[in-house]
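# Architecture at a glance
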Amino acid sequence: MPVLHLKAKPNARTTQLVVGPDGSITVRLQAPAHDGKANACLLAYLAEVFGVSKSSVTLLSGHTAPFKKVEITDLTEQAFQAALQPFRQ
């Protein structure tokens, strides 16, 4: 079960995932950081990116902070790395 350490940036023009050259993960979210909308958008987007159900994506920490820890169940490490490959810069 991979655990993602990422930075969420709400109020972006489009929702997108970016993996930096150092391996850092940033997710830009269209949703505002208000009433949990950004967190809900983040979890739904990650489920879509990794091809798992929304219930397989859990926010472990960072509910009110930009730096978040997200666990993805039902996904092997190999499938996780393969899903991230198109987002690497």
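Residues numbered from 1 in each chain as written. Predicted model: local features only at pLDDT ≥ 70, side-chain atom pairs only at ≥ 80, totals over all residues. Heavy atoms only, no water.

### Thoughts on the layout of surface pockets
- By volume, the largest pocket is sized at about 150 Å³.
- For the largest pocket, the lining is made up of 15 residues, of which Ala33, Ala38, Asn39, His63 and Lys68 are closest to its centre.
- Among the elements that make up the lining of the largest pocket, the one with the highest residue count is helix 1 (residues 37-50) (three residues).
- Residues of the lining of the largest pocket, tallied by class, amount to seven nonpolar, five polar and three charged. (1 Å grid on protein atoms, 1.4 Å probe; cavity = no way out; pocket = protein on both sides within 12 Å on 5 of 7 lines; lining within 4 Å. Points joined across faces, edges and corners; volume = space filled by probe spheres on them. Helix = DSSP H or I, 4+ residues; strand = E, 2+ residues; numbered from the N terminus. Nonpolar A, V, L, I, M, F, W, Y, C, P; charged D, E, K, R; others polar.)

### Thoughts on the sheet that holds strand 1 (residues 3-9)
- The five strands are arranged 2-3-1-5-4 in an open sheet whose pairing can be described as mixed. This sheet does not close on itself; its edge strands, each paired only once, are strand 2 (16-19) and strand 4 (57-61). When the angles between neighbouring strand axes are averaged without regard to direction, this sheet yields 35°. (Pairing = 2+ DSSP bridges. Axes fitted to C-alpha atoms, helices over the stretch in contact; angles between N-to-C directions.)

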